[in-house]
Structure formats: structure tokens, C-alpha cells
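Inside the fold
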Amino acid sequence: MCYICIVFKLYNLILMQQTIKFNFLFFFIIFTALTCSAQTNTISGKVVNAKNGEPLAFVNIIANNSAKGTSTDIDGKFMLKNQQPITSIKLSYVGFETKVVAIDDNKNNLLIRMQEKQLQLSEVRIIAGENPAHRIIRNVLANRNLNNPEKQHSFSYTSYNKLVFTSKTDSNLIKNKTDKDSSAIKMKKFFDKQHLLMMESVTKRKFLQPDKNYEEVLASRVSGFKNPIFAFIGSQLQSFSFYNERFNIFEKYYINPISNGCTSKYYFQIEDTLYTDNNTDTTFVISYRPKANTNFEGLKGLLSINTFHWAIENATAEPAIQQQKGMNILIQQKYELIEDRQWFPVQLNTDLSFTTENLPYPLIANARAYLKDISLSPDIPKSTFSNIELEIKDSAGLQSEIYWNLHRIDSLSQKELKTYHVIDSVGKELNFEKKLNIIQALMDNKIPWGIINLDIDKFLRFNEYEKVRLGLGMHTSDKFSDKFSIGGYWGYGFGDKAHKYGGDAAYTFYKPWNLKLMFAYSNDINESGSSQFLNDKKSLFEGNYREFFADYFDKTEKSSVAIGFRTLRYMQVKLSLDKNRKTALYNYEFATSRGDVTLLTNQFNYADIQLSLRYAYKEKYMKVRNNLIPIPNNYPIVWLNYTKGLKNFLDGEYDYQKVEMKIEKSFYTNYLGKTTLIANGGYADKNLPYNMQFAARSGYNDGYIDIPASFNTMRFNEFASNRYASLMFKHSFGALLFRKGNFKPEVVVLTNAIIGTMDNAANHRYINIKAPEKGYFESGLCINNLLKLSFNSLGIGAYYRYGTYRFSDEKSNWAIKWTMTLPL
């Protein structure tokens, strides 16, 4: 109003003077006054925790004690605009004291510190009638598909990602006085100057309904390393959307507060309300936490819900029960309205903290993602997508500092710059790159040595027949050739005092299809009646202890030529021509009739063609250099082996057909846990020697070791069939049934069943062979994670055998086992 009064006074002056000069001045002043009256008053700054200086995300800020305002972003930064001059701002945040700040002439780059409340009560407010927050949450659920970007037709964006490994060197976190005097001081000095590790990346992501996804790393930089494998870590830690049923971090599932049935499991409470400047939309700030007397992997945090499409505007989430030891997580997400029609994430934060007894301070991993160049419903050709979902561009590690500065949100701090300088120097001096390559090779069961890789699984083996076996195996590496490989192995068993050896060669014709030609020869032993599916070999780290206790083996001389390739996007194929000469190394002979004569033999010649398939629907990969790393999904995996015996060809003595199939499926159910189903079936159309039958996967052993995916009460070589079907059911409740502080045992229930038939069992001499014709059943209960060690956790399991094949001695029906799992 003051501007308008000035205008009228000046106009009266103009009328009195009636000069052209004042007329010109009049119009100039009108223009200036109206422009000034339309100007927006703006202040900006950052809000931090007064205790530790950490930025506070999503703090509500209102101007001049009104109901209109804004909130801080994930980094604690804000910009508040108002039509009226801003004389004061009011800040409110759950768990912190409300603060009013007077605004003087300094309106930019404000630094505001908020104090945590000394006493935070956790009581639940008693609300008459329905909780008003439930209506808002129901609206969010009803619009979940509308607001979820991954339910839209297509989108693309560019993302700048930064991941910092550091430590929270707060003196209040020191456990004891000894730490204060020694290691804590050294650790604090180190982290006050620099971080432990830092990495940046720029990625371009494209998405097309229903689930086609491709993300390319355009730039990558890691302190101390040049290996690009780290480029994926930051993006893989982030949960892109807050609308999924649950969050999965390192195979740990957290139930989303915005999920079906959430109002019966979570308590919601409206904490604050903000209005937009034009009063068209409202933002409700709602806190949430698991209800009392519920036991599930729940979260607590804040949701800012905008009434436009009832969408999430901001969200924070962390475990409702914080771990004193182990891993804790904090998720923060900020959304903005893009093109005035679609809410889309623009900032994603994930903070992980790791607390161990060996370190005085917790280690912290801070992952940040900033999304820009967001395009909604772009026209993306389907040819853009393949089974490779994540890929690193060849030039990713060669980008200039100018390129990085174009994508960074802020310039690097002095601490971050020093991290690159110091860790790069240390990495070069200590040869981090070489050590990382060795670790990668070890995970692939290899030890790199120049142009060859040594095969770890050939060094040492144990089984009942050989007792202890020492050996050596090697193959050429990619340094020799990325298309051709050749290798061999040798071993000596101290139990049978015999040498074993073999060799193979392969040539890759076309890498996109993984099209290769393979040759192999071996003179070795193999477990009799066992099956091997394509790319289904388990390592000791995955619980493959069964070989330790196997005792029926065949001496096998095998020659093979094969071709392998990938087709139909998700199918792996191997077609081979094999020649086998098997000799039973146990007391066994197979009887065949020729007229009136019965022939007994323990030596068998086979020639066959085998087709092996592995089909993993929607299986995607990360491509790192020439390596493809599978990305787990929720679809079942199907394996199929078809074998056709060739009589009178390559000395083959048997004409037969064999088919065997395996299906494996795992899924997670909210509030119940993870279920795994494994179904197997096999059929052989002819009466064949024992080594070509389907031996049941038994697991009973004198070592009292639990063997996953086996019949743990079944004795070795107890059952075999030429037609069978089996089903294994396993359900892990995780820590849903019981937890007390850091003690969270995993409760697992299991039930296994198999049925099969055997033709002409009398043809198998000197062994007591039988088929589970009436069905074999066992059930078990395992309690894992009772004792946590450095690299695994120990538990205990009990299995019981029942049905037709139970023993008369009740004690023999039980199997008590030690379980071993890999903790996170």
C-alpha cells in the first residue's frame, strides 16, 4: 500500500506542474513501483543439528508466523520466498525444539542450528474415533500406482552419485577409557582430515514399462582405485522409489509404511501442516513407527504428503529398533512435481553405519544421488534394452574435471579433495588395484598369476573315498586372450593312492551371445548317481559340504565336445557329445541277460548327446569389463537336462533317454518372512546301471553338519530311482518370532518329500538299492545365528523322519545338526 500512496502523490505533483518531464517521471515511477510491489522476498540457508553439525532434512520453515512456508532438502538447505518482507522464520522438526529466528539484512547463506529435545516421549496419543492420519495414508495407498514413477510408461534421467566411507568420530561414542588414550585418538585424527574412501559417478538411466531398464555409467572416479566395479555400489545402495512394498538392503527386508495393511502394523500421527503460497495444496507431515507389541522388521520416520495426487513429497526411514552392534540404515528421499503432472524423486540419500567391537567409532557409508534432466514419457526404442541392465562406458574413468564440475551439485570440500589426493597416493604405493583384482579372482575361485589363473577348488578336497586330495589346476586368463582359454589340473588322493588329471579348451566366437566351442578330457572320480545342472555349482561359502561325506564313486574317463550360447534373452544352452567309461569303485555289479546267460559287470561305456538348459526369466546382469554379474530377481529359475544314449557309437553300450528338471523359487511375504521352494523330477526310460540312476540327495552324516537342499535324515546311498519327483520347502521367519536387543536368532522351518520308482531292482547286485515308492518325508526346525563368529554364524537344527520309511528305533529317525550361515 505504501508504494501506491507514493504513486498518487507523485501524480498530483505532475498535474500541478503539467510538464513533459514530470509526465515521463510519472510513468517511470509507476513502472518501478509496480515492479517492486511484485518482487518476491527470498532468504536461503542451511539447517543443522546443533549437537554434531549434521544437516537436517525436511525441517518445516514458515515465514512471519503464517502457515505458508517450505522445508529443507536432504542436505539441510532451503530457499524461502514470500510476497511480503520476511522478518522472522519459524522452524519445527520432530524430535527437536521449535525455533524462531529473526531475519535482519543478512538473508542469504544463513546457518541455523536446532537443538534436540532433551526428553522425547514415545507415548501414543489417544484419539477419539478414527485416527485422522489414516485417511491421508489410505489416499496415498489409493494413488500409489499413479505416483510411482516405475508404474508410468517411460522416463529417463541423469544422476550424479557420491558415496563416502568415513567415520563418526564423536567422543561420546567411545566405549572405554583405553580407547580414548590410544586407537580412538589415532582414528579421530585420521578422519578429521580425510575420509576412508570416496567415489563419484554420473549415470544415465532409461526406463520403459513394464520393467525394461538400462543404466549406463558415463563417468566414474574412486579414490585409490581404477577398477570400475565400485561405480555400481552407490546406485545399488539407493532405493529409487518409496512406493515399493518393502526395502531390501543386503538381503535384509524392511516393511514399507506405505504398503498394504500398513495401518494395522504402523502407528501414524500428524505432526505438522503446511500450505502452499497460492493455498491450492496442503502438505501433511506424518510420523510413523511400528505399533506396540508387533514384531517385524519395521521402520520409523516422517512422511510429507502433498494433497496434489496425495503423493509423497519427502520421506525418511530408519529401523525402529537401532542395533548397538552391526548395521543401521537411514533412508531419505525428496520428490518434486515434474511438468506439473508427475511426482519424481530428485534427491536420494542412504546412510549406513557399522558398529563393531574392534573399532572405537562406527564406520559410516553416505550415499547421495541427485537426479536431473528428468524426462517423462520419452519415446525410447525397445532395442535400447537387453539383459544387461547396468553397464560402464569405456570412457567412464577418463572424464575431465570440467565434466565433473558440470554434474556436481557443489564443489568438493577440502576434506574430499584431500581424500582423493591421499588415498590415491596410498593406493598407488600399496597397489590397491592389484589386491582388488586378487579379491575378485578369489570370489570367482581363482588366484591370478600373470597370464594364468590358479583354480582354488583343485588345491584341496575331502571325501570318504579319497580322504584327502591335494592338487593343482590352472587356466589362461583374459591377459592371455579374451576369446581363447586353455587349462588343466592334476590331483592325488591319499585314500585311494591314485592320480587324477584333466584338461579343457574353449574359444568364444561371439560375446553378446556367449557363443563358445569347448573341448574337455578328464580321468577322475565322480559321485555315482549324481546330477549336475548348467551353471548350478555351489561353493563351500554357500553350504556345499555334501562332498565331504559322499562314498560311492566311479572312476570316470570322459571326453567331451560342446557348444554353448545364450538365446531367447534369458536362456543359457549347452549341447554336448560325451564319451564316458565308468568303473564302480564300490562293491557293485550290474546284471544283464543275453539269452540264457546273465552277465555281471562293474565297467560301463556310455556315449550320449546331452542338451542342458537354464532359463531365468527376466534375469538381468551388471556388465563390468568383460564380466557379467547376475542381479537377483523374484522369478523362478528352471533347469533341464535331456540325455540321449547312443548304442554302438563311440563304444556306447546303452540306448536310453533321460530327462531331469529342477525349479527353484524364492519369495518374501510381508510380516511372515522368506520362502524357498525347490522342485525336482527325473525320468529314465530304460533299466540302467546305478551310476545312471537318480540317487536321492541325502544329507545325514556323522559330522552333524546341516547340508542345505538335502534330505538330512536320509542316509547316503539309501534311495535311488529311475523315475522320481521331490519337493523341498523352506521358510525363514528371520527375527520375526523372537528378538532381544542384538540377539536375533533366525527361525527356519523345513519339510522335504520325495517319491520314486525303480525298475528291475534285482539287476543291481551287492548293494541294497531301493526306491521311495511310498513317499519319503522329513521335517525340521533350525535356529540360526545363535553364535556369531568372524565370517559366519552357528546355529542348531533338528530333523525328524516319518512315514513308511521311518525306523523302528525312534532315535534313528532324528538328526541333530549344526547350521552355518553367512551373516551380514
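The model shown is predicted, which means the values in this text are computed figures rather than measured ones.

Relative to strand S37 (residues 673–684), strand S36 (residues 657–669) runs antiparallel, the two sharing twelve bridges. If you follow Ile663 over to S37, its bridge partner there is Ala679. Counting the residues that bridge the hairpin from S36 to S37 gives three residues, and of these Tyr671 lies at a positive phi of roughly 70 degrees. The pairing of S37 with strand S40 (residues 723–732) spans ten bridges and is antiparallel.

Phe242, Phe268 and Leu303 are the most contacted members of the largest nonpolar core, which totals 43 residues. Every residue in contact with Leu303, bar those within four places of it in the chain, is listed here: Ile137, Phe242, Ile258, Phe268, Phe284, Val285, Ile286, Tyr288, Asn314 and Ala315. Counting 28 residues, the second-largest nonpolar core is a separate cluster that includes Tyr656, Leu688, Met758 and Tyr776.

This paragraph deals with the packing of aromatic side chains. Counted under the stated rule, the structure contains 46 aromatic pairs. Both rings, one in Phe719 and one in Tyr805, keep their centres 5.1 Å apart while their planes meet at 75 degrees; by these two values the pair is edge-to-face. Here Phe719, found in the loop between strand S38 (694–695) and strand S39 (720–721), pairs with Tyr805, found in the loop between strand S44 (793–802) and strand S45 (814–821); they are 86 residues apart in sequence, far enough to count as distant. Accessibility classification places Phe719 together with Tyr805 in one group, the buried group. An aromatic cluster is present here, built from Tyr552, Tyr586, Tyr588, Phe590, Phe604 and Tyr690 joined pairwise through their rings. Over the ring of Tyr420 we find Arg221, and its NZ or CZ is 3.7 Å from the ring centre. Lying across the ring of Trp639, Lys662 places its NZ or CZ 4.8 Å from the centre.

Turning next to unusual backbone geometry. Between Gln209 and the following residue, Pro210, the backbone shows a cis peptide bond with an omega angle of 0 degrees. Here Pro210 lies in the loop between strand S9 (197–208) and strand S10 (212–222). With a phi angle near 50 degrees, Leu568 is a residue other than glycine that sits in the positive phi range. Tracing the sequence through the fold places Leu568 in the loop between strand S28 (553–567) and strand S29 (571–584). A positive phi angle, near 55 degrees, is found at Asn760, a position not held by glycine. Locating Asn760 in the fold gives a position in the loop between strand S41 (746–757) and strand S42 (764–765).

Another aspect to go through is the sheet that holds strand S31 (residues 597–601). The antiparallel open sheet is built from three strands, whose spatial order is S31-S30-S42. Strands with a single pairing partner mark the edges of an open sheet, and in this sheet they are S31 and S42. With two bridges connecting them, strand S30 (residues 589–594) and S42 associate as antiparallel partners. Residue pairing in the sheet places Glu589 in a bridge with Arg765 of S42.

Turning to the sheet that holds strand S2 (residues 60–63), a few remarks are in order. Across the sheet, which stays open at both edges, the four strands sit in the order S3-S2-S5-S6 with antiparallel pairing between neighbours. The open sheet has two edge strands, strand S3 (69–71) and strand S6 (99–102), and neither has a second partner. Each strand axis lies, on average, 20 degrees off the axis of its neighbour in the sheet, ignoring direction. Two strands pair when backbone bridges link them, and S2 and S3 are joined in this way by three bridges, in the antiparallel orientation.

Our next topic: the pattern of salt bridges. By the definition in use, this model includes 29 salt bridges. In this structure, Glu416 engages Lys162 in a salt bridge whose closest nitrogen and oxygen atoms are separated by 2.9 Å. Placement of the pair is Glu416 in helix H10 (residues 414–430) and Lys162 in strand S8 (residues 154–167), with a sequence separation of 254 residues. Considered together, Glu416 and Lys162 belong to a single accessibility category, that of buried residues. A salt bridge links Asp759 to Arg723, with the shortest nitrogen-to-oxygen separation between them at 2.9 Å. Of this pair, Asp759 sits in the loop between S41 and S42 while Arg723 sits in strand S40; the two residues are 36 residues apart in sequence, bridging distant segments of the chain. Since its relative accessible area comes to 29%, Asp759 is described here as partly exposed.

A separate point is a nonpolar patch on the surface. On the surface, Tyr704, Leu737, Phe738, Phe743, Leu786, Leu787, Leu789, Ile796, Trp814, Ile816 and Trp818 cluster together into a nonpolar patch covering about 1100 Å² of accessible area. Of all the elements in the fold, those that place two or more residues in the nonpolar patch are strand S43 (776–788) and S45. A total of three residues in the nonpolar patch trace back to one element, the largest contributor, which is S45. Within the secondary structure, Leu737 sits in the loop between S40 and S41.

Our next topic: H10. Relative to the 24 Å expected for 17 residues at 1.5 Å per residue, H10 spans 24 Å between its end C-alpha atoms, a close match to the ideal helical length. Listing the buried residues of H10 in full gives Glu416, Thr419, Tyr420, Ile423 and Gly427. Along the long axis of H10, the arc covered by the buried residues comes to 95 degrees, so they all point the same way. Counted as exposed and oriented over 90 degrees from the buried face of H10: Gln414, His421, Lys428 and Glu429. Once H10 ends, the next one or two residues include Asn431, with phi positive near 60 degrees.

The rules behind the values
- Residues numbered from 1 in each chain as written.
- Predicted model: local features only at pLDDT ≥ 70, side-chain atom pairs only at ≥ 80, totals over all residues.
- Heavy atoms only, no water.
- Pairing = 2+ DSSP bridges.
- Helix = DSSP H or I, 4+ residues; strand = E, 2+ residues; numbered from the N terminus.
- Core = buried A, V, L, I, M, F, W, Y, C linked by side-chain atoms within 4.5 Å.
- Buried < 20%, exposed > 50% of the residue type's maximum accessible area, 1.4 Å probe, protein only.
- Contact = heavy atoms within 4.5 Å.
- Phe/Tyr/Trp six-rings, centres within 6.5 Å; stacked < 30°, edge-to-face > 60°.
- Lys NZ or Arg CZ within 6 Å of the ring centre and 35° of its normal.
- Axes fitted to C-alpha atoms, helices over the stretch in contact; angles between N-to-C directions.
- Salt bridge = Lys/Arg side-chain N within 4 Å of Asp/Glu carboxyl O.
- Patch = residues over 30% accessible without salt bridge, like charges linked within 9 Å, V, L, I, M, F, W, Y side chains within 5 Å.
- Areas by Shrake-Rupley, 256 points an atom, 1.4 Å probe, with all protein chains shown as cover.
- Expected span 1.5 Å × (residues − 1).
- Arc of directions from axis to C-beta.

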